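Architecture and fold: a report
What follows is each chain in one-letter form.
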Amino acid sequence: MNRSRARAIRRKYQRRTRVTVQKAWILSALAAAVIIYGAAARIRERGREAKGAQVSIETPGSTEMTGALDSGRLGNVSVGNIKLDGLTMEQAASKIREAYRWDMKVRDGEESIALEDLTGPQLDKILETIEHADRDKPQSYELDYDRLEQAFAGQAAELAQKWDRGAADSQMESFDKDAKTYRYTQEQYGRSLKQEQLVEELMEAARKGEFRTEIQAAFDSIAPKRTAAQARDQYKVIGTFTTTTTDNKNRNQNIRLASDAIDGVVLKPGEEFSFNLATGNRTSEKGYQPAGAYRNGVLIEEPGGGVCQVSTTLYHAIINSGYKTTERNFHSFAPSYIDRGQDAMVSFDGYAGPDLKFVNTQDTAIGLRASFDGKQLKLSIVGLPLLEENERISMRSEKVRDLEPPEPVYEENPELAYGEEKIVEQAQPGSVWKSYRILTKDGQVEEETFLYTSTYKAKPAKIQHNSAALPSAGDQPQADAGENNQEGQTAGTTEGTAGDAGTAGDAGTAGEAGTAGDAEPAGEAIIPFGS
């Protein structure tokens, strides 16, 4: 009986002992879990150095504790409508970049332009914030759409600079010499990018998360102000001038050739006209005929005489139309076909020389017309008017002073008797002139502008005598008889040179430098007679 009771007491004690041990182990495990949790929390607070790695703790008599915390994974985090819960930072970054992968384009109907990535910098900043944020707290992020809209507006403005084009009005293009008519360009419509609409469409796609899309740009149409039909009606002669030539056939042939070279020339906006380049070198190979020219004051025959009358006539047409010349030169000797101070001398050796130039300052093309009928030379400018309907421009000149002629030039004439002199060419005084541009409105002078000063050389008298002649016995009469004889000689000489003086006046046109030869080393260029 005592033995049975003793065994029962031992069994009861053993059961109590096992329960106590088991409770002790459970309490030990719970304590270890608390310690592990605290250690893991401290690790997270120090920067989560073991990013993405699982923390496992071994305790005596146990296997790995897979219930340890994962310090590299995200908690309740979202970007837009993208959930990142439970992902590592690497996985989160990959998911976000894929969701916001950028491939936005804009097409204008002909080409497609890829837009610069505007979300990339914002996403980089969001990811950096997520990485350093408290992961125990929920996080939610959105793109800065206001900032995105501003960037889209900048991109739209850049596209407008590239794609916008103004309307092209019809204007003069070329001249058909056979039909004697001008050709005009075809008008073209312009376009203007609808920037605000484009930005709205881009923003709509961005808010939907559609960053891989192509937007078709819309444009406003810009109508031209002038069609080809209107251009034909609006273009007119805006400046013209006419001069009269001589009966000299060679000179008139040169004038005709130079006029033909200019007729039909079209100047584009901003283009400069050069008389010398338009006609080229005026040589006998091109059909230019010999005409009077001065070389160092001596009258000779050279090809190209007379072309200065063409440049002078054109010069007046240029002024009358409202344009201004960029180069104009006066003759050495005043020409007879135009008022002094209003001539335009040209010369060309194929490389350089005094020229007549002007620039088309309009934004539309202009044309030059030239005609030579009988002895009437007419040059005109054709274009859209520069002046108002009631405005006119002309020139006037005023003499500043005369220049005395130099000493007479004597030539030998063996047929003249002793003491006899024959005036071959009368002396001509030179002169200085000032020229002005006159603007009138309704016939009243509105403005007078000084243009330039022109100086024309004086010509010495040319006298023939016979210095080798000896006086005869009959050439030494009484003083009274000699005086009477001298008077007779003078009167006869004056009568005999009246026609020569007229020829010299025609030669007064010859200030133009030669077109077929270079200037003499001494200085003065060859000047075609009558130009």
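Look above for the structure.
The following refers to the structure shown. (Residues numbered from 1 in each chain as written. Predicted model: local features only at pLDDT ≥ 70, side-chain atom pairs only at ≥ 80, totals over all residues. Heavy atoms only, no water.)

Let's talk about the environment of Leu 148
The following threshold applies: Secondary structure elements are taken from DSSP: a helix is a run of H or I of four residues or more, a strand is a run of E of two residues or more, and numbering for both begins at the N terminus. Should any heavy atoms of two residues lie within 4.5 Å, those residues are counted as being in contact.
Turning to its location among the elements, Leu 148 is positioned in helix α4 (residues 145–163). Put simply, Leu 148 and Leu 118 are 30 residues apart on the chain and 6.8 Å apart in space, counted from C-alpha to C-alpha. Apart from the residues lying within four places of it in its own chain, the contact partners of Leu 148 are Leu 118, Thr 119, Gln 122, Met 203 and Ala 206.

Looking at the sheet that holds strand β22 (residues 421–425)
The criterion, for reference: The pairing criterion is simple: DSSP has to find at least two bridges between the two strands. Note on method: axes are straight lines fitted to C-alpha atoms, helices fitted across the in-contact stretch only, with angles between N-to-C directions ranging 0 to 180 degrees.
Ordered in space as β21-β25-β22, the 3 strands form an open sheet in which the pairing is mixed. What marks the edges here is a single partner per strand, and that holds for β21 (409–412) and β22. Taken pair by pair, the neighbouring strands of this sheet meet at an average axis angle of 30°, ignoring direction. Bridging between β21 and strand β25 (residues 462–465) involves 4 bridges; their strand directions are parallel. Looking at the pairing, Glu 412 lines up with His 465 of β25.

Section: the packing of α4 against helix α5 (residues 195–207)
Our working definition: Under this scheme an angle from 65 to 115 degrees is roughly perpendicular, one under 35 degrees roughly parallel, and one over 145 degrees roughly antiparallel; angles in between are oblique. Left-handed describes a crossing whose near helix is turned anticlockwise from the far helix through less than a right angle; right-handed describes the clockwise counterpart. Think of it as three bins: nonpolar holds Ala, Val, Leu, Ile, Met, Phe, Trp, Tyr, Cys and Pro, charged holds Asp, Glu, Lys and Arg, and polar takes everything else, Gly as well.
Look at α4 against α5: their axes get within 9 Å of each other, and the N-to-C directions meet at 140°. In terms of orientation, α4 lies oblique with respect to α5. Note on packing geometry: the crossing formed by α4 with α5 is right-handed. Between α4 and α5, the contacting residues are Tyr 145, Leu 148, Glu 149, Phe 152, Ala 153, Ala 156, Ala 157, Leu 159 and Ala 160 on the first element and Gln 195, Leu 198, Val 199, Leu 202, Met 203, Ala 206 and Arg 207 on the second. Partitioned by chemical class, the residues of the contact of α4 with α5 number 13 nonpolar, 1 polar and 2 charged.

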